[in-house]
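So you can see what is in the structure, the chains are spelled out below.
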Amino acid sequence: MSLTLTVDGPRWREHLRRTAAAHPGLVPVVKGNGYGFGLGRLARRTQWLAEQDLGHEPGAGTCDTLAVGTYDEIGEVAQRFGGSIVVLTPWRPFGTALEATDDDHLAERLVHTVGRLEDLRDLLERRPRARFVLERMTSMQRHGFTARGLWSVGEVLRAHPGARLEGVAMHFPLAHGSHTSEASRLLTDVVGAELPEGDGARTVWVSHLSDAELAGLAARWPEYRFRSRMGTGLWLGERSALSVTSTVLDVHPLERGDVFGYRGRTAPKSGHLLVVTGGTAHGIGLEAPTGDLGLRGRAATLARGGLDAVGFVRSPFSIDAKQRLFAEPPHMQASMLFLPTGARVPAVGDLLDVRVRYTATTFDRVVVT
Amino acid sequence: MSPAATRAEPSAPLRVQEIPPADHLAFLDGRSSASFLQTPAWGRVKAEWRRESLGFFAGDELVGAALVLYRQLPRLKRYLAYVPEGPVIDWGDDDLARWLEPLAAHCRARGAFGVRMGPPVVTARWSAQQVKDGIADDAVRRLGDLAPLERDVVGARVVSQLESLGWRHQGVEGGFAAGQPQFVFQVPLVDDDAAPLDEDAVLKAMNQQWRRNIKKAAKAGVEVQSTSGVAEALEALPDFHELYVHTAERDHFTPRPLSYFRTMVEALAGEGEQLGQPDRLRLHLARHEGDLVAATIAIRVGTHAWYSYGASSTEKRDVRGSNAAQWAMMRDALAAGAHVYDLRGITDTLEADDSHVGLIQFKVGTGGQAVEYAGEWDLPLNKVLYRAFSLYMARR
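Residues numbered from 1 in each chain as written. Chains lettered and ligands numbered in written order. Predicted model: local features only at pLDDT ≥ 70, side-chain atom pairs only at ≥ 80, totals over all residues. Heavy atoms only, no water.

If you look chain B up in an unreviewed UniProt entry, it shows as Vancomycin resistance protein VanK from Nocardioides marinisabuli. The UniProt entry for chain B carries the following text under Sequence similarities (unreviewed entry): "Belongs to the FemABX family." (UniProt positions renumbered as here; feature names shortened; annotations may be inferred.)

Looking at an unreviewed UniProt entry, chain A carries the name Alanine racemase N-terminal domain-containing protein, with the source organism given as Nocardioides marinisabuli.

Peer 1: Honestly, the overall build of chain B in this entry has me stumped. Any pointers?
Peer 2: From N to C terminus, chain B includes 13 helices and 16 strands. Relative to the globule expectation of 21 Å for 396 residues, the C-alpha radius of gyration of chain B, 21 Å, shows essentially globular dimensions. Along the first, second and third principal axes, the C-alpha set of chain B runs to 60 × 50 × 45 Å. Intrachain contacts of chain B at a sequence separation of at least 6 include 74% that bridge at least 24 residues. For chain B, the centre of its 45 positive side-chain charges and the centre of its 52 negative side-chain charges are spaced 5 Å apart. (Helix = DSSP H or I, 4+ residues; strand = E, 2+ residues; numbered from the N terminus. Rg over C-alpha atoms; globule rule 2.2 N^0.38 Å. Contact = heavy atoms within 4.5 Å. Lys, Arg positive; Asp, Glu negative; His and termini not counted. Charge placed at Lys NZ, Arg CZ, Asp CG, Glu CD.)

Peer 1: How should I be thinking about the domain arrangement of chain B in this particular structure?
Peer 2: Many structure descriptions define interface size as the accessible area lost when the parts assemble. Residue and element names in this part refer to chain B. Domain boundaries assigned for chain B yield domain 1 (15–118 + 376–394) and domain 2 (123–153 + 160–373). Just the C-alpha atoms count here: the centres of domain 1 and domain 2 sit 26 Å apart. With 35 residues of domain 1 at the contact, the number on the domain 2 side is 31 residues. Taking both sides of the interface into account, the surface hidden between domain 1 and domain 2 amounts to around 3,000 Å²; carbon and sulfur atoms contribute 63%. Three residues stand out in domain 1 for area buried against domain 2, namely Phe36, Glu376 and Trp377, and they jointly supply 25% of the buried area on that side. At the junction of domain 1 with domain 2, the criterion picks out one salt bridge. Of the charged contacts, one joins arginine 344 and glutamate 85 as a salt bridge, the two residues approaching to 3.3 Å between their closest N and O atoms. Scanning the region where domain 1 abuts domain 2 turns up 13 residue pairs in polar contact (both at pLDDT 80 or more). For the side of domain 1 that touches domain 2, the secondary structure elements donating two or more residues are helix H2 (21–29), helix H3 (40–45), helix H4 (97–109), strand S5 (112–117), strand S16 (377–380) and helix H13 (383–395). For the side of domain 1 that touches domain 2, the element with the highest residue contribution is H3, accounting for five residues. For the side of domain 1 that touches domain 2, a count of residues per class yields 19 nonpolar, four polar and 12 charged. (Domains from an automatic or database assignment. Buried area = accessible area lost by both parts, 1.4 Å probe. Salt bridge = Lys/Arg side-chain N within 4 Å of Asp/Glu carboxyl O. Polar contact = N/O pair within 3.5 Å; in protein donor to acceptor, adjacent residues only side chain to side chain. Nonpolar A, V, L, I, M, F, W, Y, C, P; charged D, E, K, R; others polar.)

Peer 1: Explain the packing of helix H9 (residues 229–251) of chain B against helix H10 (residues 258–274) of chain B to me, please; I cannot follow it from the model alone.
Peer 2: Helix packing for two helices is described by the angle between their axes and how far apart those axes are. Residue and element names in this part refer to chain B. Contact pair H9 / H10: the axes reach a minimum separation of 10 Å and the direction vectors enclose 150°. Compared by their axis directions, H9 and H10 come out roughly antiparallel. Crossing angle aside, the handedness with which H9 passes H10 is right-handed. For the pair H9 and H10, the contacting residues are Gly229, Val230, Ala231, Ala233, Leu234, Leu237, Pro238, Phe240, His241 and Tyr244 in the first and Leu258, Phe261, Arg262, Val265, Glu266, Ala269, Gly270 and Glu273 in the second. Looking at the contact of H9 with H10, its residues break down into 12 nonpolar, three polar and three charged. (Axes fitted to C-alpha atoms, helices over the stretch in contact; angles between N-to-C directions. Parallel < 35°, antiparallel > 145°, perpendicular 65-115°, else oblique. Left-handed = near helix turned anticlockwise from the far one by under 90°.)

Peer 1: I keep staring at the domain arrangement of chain A and nothing clicks. Help me out?
Peer 2: Residues and elements named next belong to chain A. What the domain assignment lists for chain A is domain 1 (4–235) and domain 2 (244–368). Taking the mean C-alpha position of each, domain 1 and domain 2 sit 39 Å from one another. Every contact between the two is made by 11 residues of domain 1 and, on the other side, 11 residues of domain 2. Summing both sides of the interface, domain 1 and domain 2 together bury roughly 1,100 Å²; the carbon and sulfur share of this comes to 54%. When the buried area of domain 1 at its contact with domain 2 is split by residue, Thr4, Leu5 and Asn33 rank highest and sum to 53% of it. Along the contact surface separating domain 1 from domain 2 lie zero salt bridges.

Peer 1: Sorry if this is basic, but what is going on with H2(B) here?
Peer 2: Among all positions of H2(B), only B:His24, B:Leu25, B:Phe27 and B:Leu28 are buried. End-on, the buried residues of H2(B) take up no more than an arc of 160°, which puts them together on one face. (Buried < 20%, exposed > 50% of the residue type's maximum accessible area, 1.4 Å probe, protein only. Arc of directions from axis to C-beta.)

Peer 1: In this structure, what is going on with the sheet that holds strand S3 (residues 61–72) of chain B? I would like to understand it.
Peer 2: Picture the strands of a sheet paired through backbone hydrogen bonds; they go either parallel or antiparallel. All names here are of chain B. In spatial order, the strands read S1-S2-S3-S4-S5-S16-S8; together these seven strands make up an open sheet with mixed pairing. Unpaired on one side and paired on the other, strand S1 (15–18) and strand S8 (168–169) mark the two borders of the sheet. As paired elements, S8 and S16 share two bridges and run antiparallel to each other. Along S16, the bridge assignment pairs arginine 168 with aspartate 378. Contacts from H2 reach strand S2 (50–58) and S3, with the element oriented near 120° to S3. (Pairing = 2+ DSSP bridges.)

Peer 1: I keep staring at the confidence of the model for chain B and nothing clicks. Help me out?
Peer 2: Any segment with low pLDDT has predicted coordinates that should not be analysed in fine detail. Residue and element names in this part refer to chain B. On average, chain B scores 92 in pLDDT, and the residues at 70 or more come to 95%. The spread of mean pLDDT over the elements of chain B runs between helix H1 (residues 3–7), the lowest at 42, and strand S11 (residues 281–288), the highest at 98. Counting interchain partners and residues more than four positions distant, the pLDDT-below-50 stretch residues 1–8 has 18 contacts. Both scores are available for the predicted complex, with the pTM at 0.87 and the ipTM at 0.83. (pLDDT = per-residue confidence, 0-100.)

Peer 1: Any chance you could explain the interface of chain A and chain B here in plain terms?
Peer 2: Listed as interface residues are 16 residues of chain A and, on the opposing side, 19 residues of chain B. Carbon and sulfur atoms supply 54% of the area buried between chain A and chain B, which totals about 1,400 Å² over both sides. Summed over the three residues of chain A that lose the most area to chain B, namely A:Trp151, A:Val191 and A:Glu223, the buried surface amounts to 33% of that side. Across the chain A-chain B interface, the total number found is one salt bridge. Across the pair A:Glu223 and B:Arg151 runs a salt bridge whose closest N-O atoms are separated by 2.4 Å. The tally of links between chain A and chain B comes to six residue pairs in polar contact (both at pLDDT 80 or more). Counting only elements with at least two residues in the side of chain A that touches chain B, the list comes to helix H7 (147–159), helix H8 (180–192) and helix H9 (211–220) of chain A. For the side of chain A that touches chain B, the element with the most residues is H8(A), which contributes five residues. Of the residues belonging to the side of chain A that touches chain B, the class tally is seven nonpolar, two polar and seven charged.

Peer 1: Is there a simple way to explain the side chain of A:Thr245 in this structure?
Peer 2: All names here are of chain A. Positionally, threonine 245 belongs in strand S10 (residues 242–254). Its relative accessible area of 12% is what places threonine 245 among the buried residues. Every residue in contact with threonine 245, bar those within four places of it in the chain, is listed here: Ser2, Leu3, Thr4, Thr6, Leu351, Leu352, Asp353 and Val354.

Peer 1: For this particular structure, what's the right way to read the packing of helix H8 (residues 208–219) of chain B against helix H11 (residues 321–335) of chain B?
Peer 2: All names here are of chain B. Remark: H8 packs on H11, axes separated minimally by 8 Å, with the N-to-C direction vectors making an angle of 100°. With respect to their mutual orientation, H8 and H11 come out roughly perpendicular. Facing H8, whose interface residues are Trp210, Asn213, Ile214 and Ala217, H11 presents Asn323, Ala324, Gln326, Trp327 and Met330. A per-class count over the contact of H8 with H11 returns six nonpolar, three polar and no charged.

Peer 1: Help me understand the packing of aromatic side chains in this model?
Peer 2: Each aromatic ring pair is described using two quantities: the centre-to-centre distance and the angle formed by the ring planes. Residues and elements named next belong to chain B. Tallying each qualifying case throughout the model produces 19 aromatic pairs over all chains. Consider the rings of tryptophan 126 and phenylalanine 183, whose centres lie 6.4 Å apart with planes at 45°: the pair is tilted. Within this pair, whereas tryptophan 126 is found in strand S6 (residues 122–127), its partner phenylalanine 183 is found in strand S9 (residues 183–188), the two being separated by 57 residues in sequence. This pair shows no difference in class: tryptophan 126 is buried, exactly as phenylalanine 183 is. (Phe/Tyr/Trp six-rings, centres within 6.5 Å; stacked < 30°, edge-to-face > 60°.)

Peer 1: Teacher, can you tell me more about the pattern of salt bridges here?
Peer 2: Oppositely charged side chains can pair when the atoms bearing their charge come close. Residue and element names in this part refer to chain A. Summed over the entire model, instances satisfying the criterion amount to 33 salt bridges over all chains. Across the pair glutamate 118 and arginine 116 runs a salt bridge whose closest N-O atoms are separated by 3.7 Å. Where glutamate 197 meets arginine 202, a salt bridge forms, and the shortest distance between an N and an O atom there is 3.4 Å. Connected via shared salt-bridge partners are Arg92, Arg116, Glu118 and Asp119.

Below you can see the structure in the form of structure tokens.
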């Protein structure tokens, strides 16, 4: 009676191992809804990866650190994973960031992301031995230091000899051509920062770089160590190991003109009404922006949003590999589908395949075989 | 130079205007060093281009200088303003805009469609041993594949700033650029604390073959005669040039005419004499039993000494005249208190089968460092003409 994510365990774990083995120093990203798996499960899985023999040189540090998105997420992972936790949202002198900073038990494991000079000073006043990465602003223009800002950091750090710099972080926009030249340009700013000598001054944390881009950068900056932060590619990289199913809860025959549903709609033709698990509470029927900026993409989004205005709209539920129509907008935990006469009618208890965005879906159950 | 030291200074806008060559020269002479391509004399060597001595002024004080060569676009009264290995300014300033914007504005007013310059700042260095290992390692293709001994903070900040100020790096891979080389080979003549090295220390840094060859030349009785001042240099020039033309034939490059060298000697050595420095430009002629076996031209401006041109005979290679001439130039530079002996350009390729690698190997034997400079940068002032010029250069 649930929306279920079924994971082909052996296949998934093999993919995780292979990905980690191919990326020495990998930092798994465990944030948001935990990519559909849940934060806790991914934290345990990261611990498992850290214990694997991946054939890396000692000191590669693969999976010795995981990344969470926010300070609020730390609680979900801290007990399940024993290594360091880097928070991707930049540290600010307010809110949960301060609670986490003041927590003595966490202090040794927590790696803050700092993107403003005043924050760095503030953080080091509160915790002179804080661990942190310096975020360099990229073309994304989200968070982080400018070149000049980074140049000033060197001085602040020399005034705080106890501060523990773990590296410089760069968060690139999703593929828009190659990032190699931008990354190289930003690395020149890192050289200009004259950071205190040590591993931290030579470690760069990057997101969204392809393997080829990473290899190109490593060749151009051989004395730097690049740590790849990876979420989607790691956890969801082997799609064929994942399947999502909904359960048929009820099946009702419907004649043309019959009234049904919350909103008293009328059936346009005869067929069957299916009530299946999976509704707005799971994220079904709610559109996350797809990033498709083309006319067609925008039109499709509009159509899905305007579901109750005209006719039926395609649902993510499929029967016999054909996506079926919503009979009305999804409810909180269930959806009503319309099945026209002539289609095979599933029985109560049957499972339907569902196409979802994992990062925007909450599953009732996750079954790893 | 500490970048922190310059940051405290207030950023006042600078004024750029033409200055008399004498003021230009006096300014350069008051500094530790500058590229010889930035001396007024060099402008006279490049007589086919219009030249201008520029001064950068903070209030009334001359704080920087540039030799600008204006290269005319074919058939148009528009120019590329070229500042080779310059300008001579405080590159450690974190506000380079206050130097470069008035420079660009001045060049635009002079009819320039673009400015090209070569900031004389180092970005990275590699040891001779690293370069040697790199050539031996098949996995290493370019100098940049090796972690450098150091990356220079000032150099990095210059590169960062030029990017953000709209300048474009004129990069080349695997060969020489049309302009000045971005990678050179240099032998340091002072230690890390800037204390002068002695001859033994410089010899000791060389590889065994170089040391052996220098010894061999001395044992064979090779004598190196070094000129002083304009007259002696002019007198030695025909001998140098004859051997240089011979070298060009053997090594398949196009020699420059004798008149080019005469102009160079008169301008550079002449400028030296004017300053009471008879060794600004020197010819070194290595002879064995009366036969000229090698000849070179050396230039020194302040603490920087360059090996500029070289020629060698095909006969009597076993007496190692080239090594003798190189050693004479190095000793000369040491005696003059130079900080660096510069063997000039190398390519960044380290592939053992590349045609340029022999040149690197020769220079690496001196035990110095491969040095990466910031390279040459262009600022387009007129986008249409600049693009036309780039196309023209690419097709040349």
